[in-house]
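Take a look at the letters that make up each chain.
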Amino acid sequence: MRALARDGSGFLWVGTQNGGLARFDGTEFRTAATLFGLTDRRVDAVAVDPLGGLWAAGRALRVRAGTSLVVAANETVSALALGPDGAVWAAGPGGLLRF
């Protein structure tokens, strides 16, 4: 396990070293790699923004808002943080990005 985040529906999202992104509903885990179009099974950071967007990061940064999927960055992201203004900050070897 590399990262955890809880969304507004109560689901727990788990980023793993080799198992990709998984969602826990309180009873069972389901993998969600295809939901994000992740090409790598390593997810280093997970965050939920104030609008309910789910962010998953590893070798690329993906955002899922409703049925839309956005590739926010095609570079390695190792950490995500939410700012007090609702902005999402992403950090990796290439520096710091603000969304």
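Residues numbered from 1 in each chain as written. Predicted model: local features only at pLDDT ≥ 70, side-chain atom pairs only at ≥ 80, totals over all residues. Heavy atoms only, no water.

## Focus: the pattern of salt bridges
The full count for this structure, using the stated rule, is four salt bridges. Put simply, Arg2 and Asp44 hold a salt bridge, and the shortest N to O gap is 2.6 Å. In this pair, Arg2 sits in the segment before strand S1 (3-6) while Asp44 sits in the loop between helix H1 (33-36) and strand S5 (45-48), placing the two residues 42 residues apart along the sequence. The class for Arg2 is partly exposed, based on a relative accessible area of 37%. Ionic pairing is found between Asp85 and Arg98, a salt bridge with its closest N-O pair at 2.4 Å. Residue Asp85 is found in the loop between strand S9 (79-82) and strand S10 (88-92), and its partner Arg98 is found in strand S11 (residues 95-98); the two are separated by 13 residues along the sequence. Here the residues in one salt-bridge network are Arg2, Arg42 and Asp44, joined through shared partners. (Salt bridge = Lys/Arg side-chain N within 4 Å of Asp/Glu carboxyl O. Helix = DSSP H or I, 4+ residues; strand = E, 2+ residues; numbered from the N terminus. Buried < 20%, exposed > 50% of the residue type's maximum accessible area, 1.4 Å probe, protein only.)

## A closer look at the sheet that holds S1
If you walk across this open sheet you meet the four strands as S1-S2-S3-S4, and the pairing is antiparallel. Each edge of the open sheet carries a strand with a single partner, namely S1 and strand S4 (29-31). Taking the axes of each pair of neighbouring strands and ignoring which way they run, one obtains an average angle of 25° across the sheet. When S1 meets strand S2 (residues 12-15), the two strands line up antiparallel, connected through four bridges. (Pairing = 2+ DSSP bridges. Axes fitted to C-alpha atoms, helices over the stretch in contact; angles between N-to-C directions.)

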